[in-house]
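Descriptive analysis of the structure
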Amino acid sequence: MNDRVLIPAGTAAPLGPFSPGMLADNVIYTAGILPFDENNEVVHPGDAAAQTRHVFETIRGILAEAGAGFEDVVFNHVFVADFADYAAINAVYAEYFPDTKPARYCIQVGLVKPEAKIEIATIAHKRVTS
């Protein structure tokens, strides 16, 4: 197995003992990605759509570190603080997955910072071309 830690430029140091992403045998796993800036502060307080977009841009950076993209995503674990934001989150989600939709689940939870409205963990299978 050829494991590699994936840390995109501009990413804050994790709040705990984990990596933002890992590549193992052409499978990319992201940690739960929150709408944090480089200082681990929540961006776009009160705006679920903007926070979702920020989370997906962070995930884009992790995937890019592994030479992958959103077309490689097969599963998303979506955590929302309030289902009242579900429609706004889904609208942004659809922008990142306009064609083939990965499997996913979405559950309501308490997030690590009360201003955060969304957290997403992703699994992707990097396509190997020969």
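From a predicted model like this one, the values you see are computed outputs, not experimental measurements. (Residues numbered from 1 in each chain as written. Predicted model: local features only at pLDDT ≥ 70, side-chain atom pairs only at ≥ 80, totals over all residues. Heavy atoms only, no water.)

1. Some words on the nonpolar core
Under the convention used in this document: Note on terminology: a nonpolar core comprises buried Ala, Val, Leu, Ile, Met, Phe, Trp, Tyr and Cys residues joined through side-chain atoms within 4.5 Å. Here's how the labels work: a residue is buried when its accessible area is under 20% of the maximum for its type, exposed when over 50%, partly exposed in between, all with a 1.4 Å probe on protein chains only. Numbering of helices and strands starts at the N terminus; helices are DSSP runs of H or I of at least 4 residues and strands are runs of E of at least 2. It only takes one pair of heavy atoms within 4.5 Å for two residues to be counted as in contact.
Counting residues in hydrophobic clusters, the biggest one holds 24 residues, and the most contacted among them are Ile28, Phe56, Ile59, Leu63 and Phe70. If you list the elements that add at least two residues to this core, you get α1 (48–65), β4 (73–80), α2 (86–96) and β6 (118–125). Of the residues forming this core, the biggest block, six residues, is contributed by α1. For phenylalanine 56, the contacting residues outside a window of four places in its chain are Phe70, Tyr93, Tyr96, Phe97 and Ile120. Judged by nonpolar contacts, the second largest core, of six residues, contains Leu34, Phe36, Val42 and Ala116.

2. Focus: the pairing of strand β2 (residues 21–24)
For a regular strand, side-chain orientation follows a simple rule: the groups alternate between the two sheet faces. The test is simple: For two strands to count as paired, DSSP must find a minimum of two bridges between them.
Judged from the three bridges that link them, strand β1 (residues 4–6) and β2 form a sheet pairing that is antiparallel. Opposite leucine 6, over in β2, you have glycine 21 as the bridge partner. Here β2 runs beside strand β3 (residues 27–30); their pairing, made up of four bridges, is antiparallel. Within β3, the position partnered with leucine 23 by the bridge is isoleucine 28. Linking β2 back to β3 in an antiparallel pair, the connection comprises two residues, with aspartate 25 at a positive phi of about 50°.

3. Side note on α2
For clarity, the cut-off: By definition, the arc is the one covered by directions from the helix axis to the C-beta atoms.
Taken together, the buried positions of α2 are occupied by Ile89, Val92, Tyr93 and Tyr96. Along the long axis of α2, the arc covered by the buried residues comes to 105°, so they all point the same way. Elements in contact with the buried residues of α2: α1, β4, β5 (103–108) and β6.

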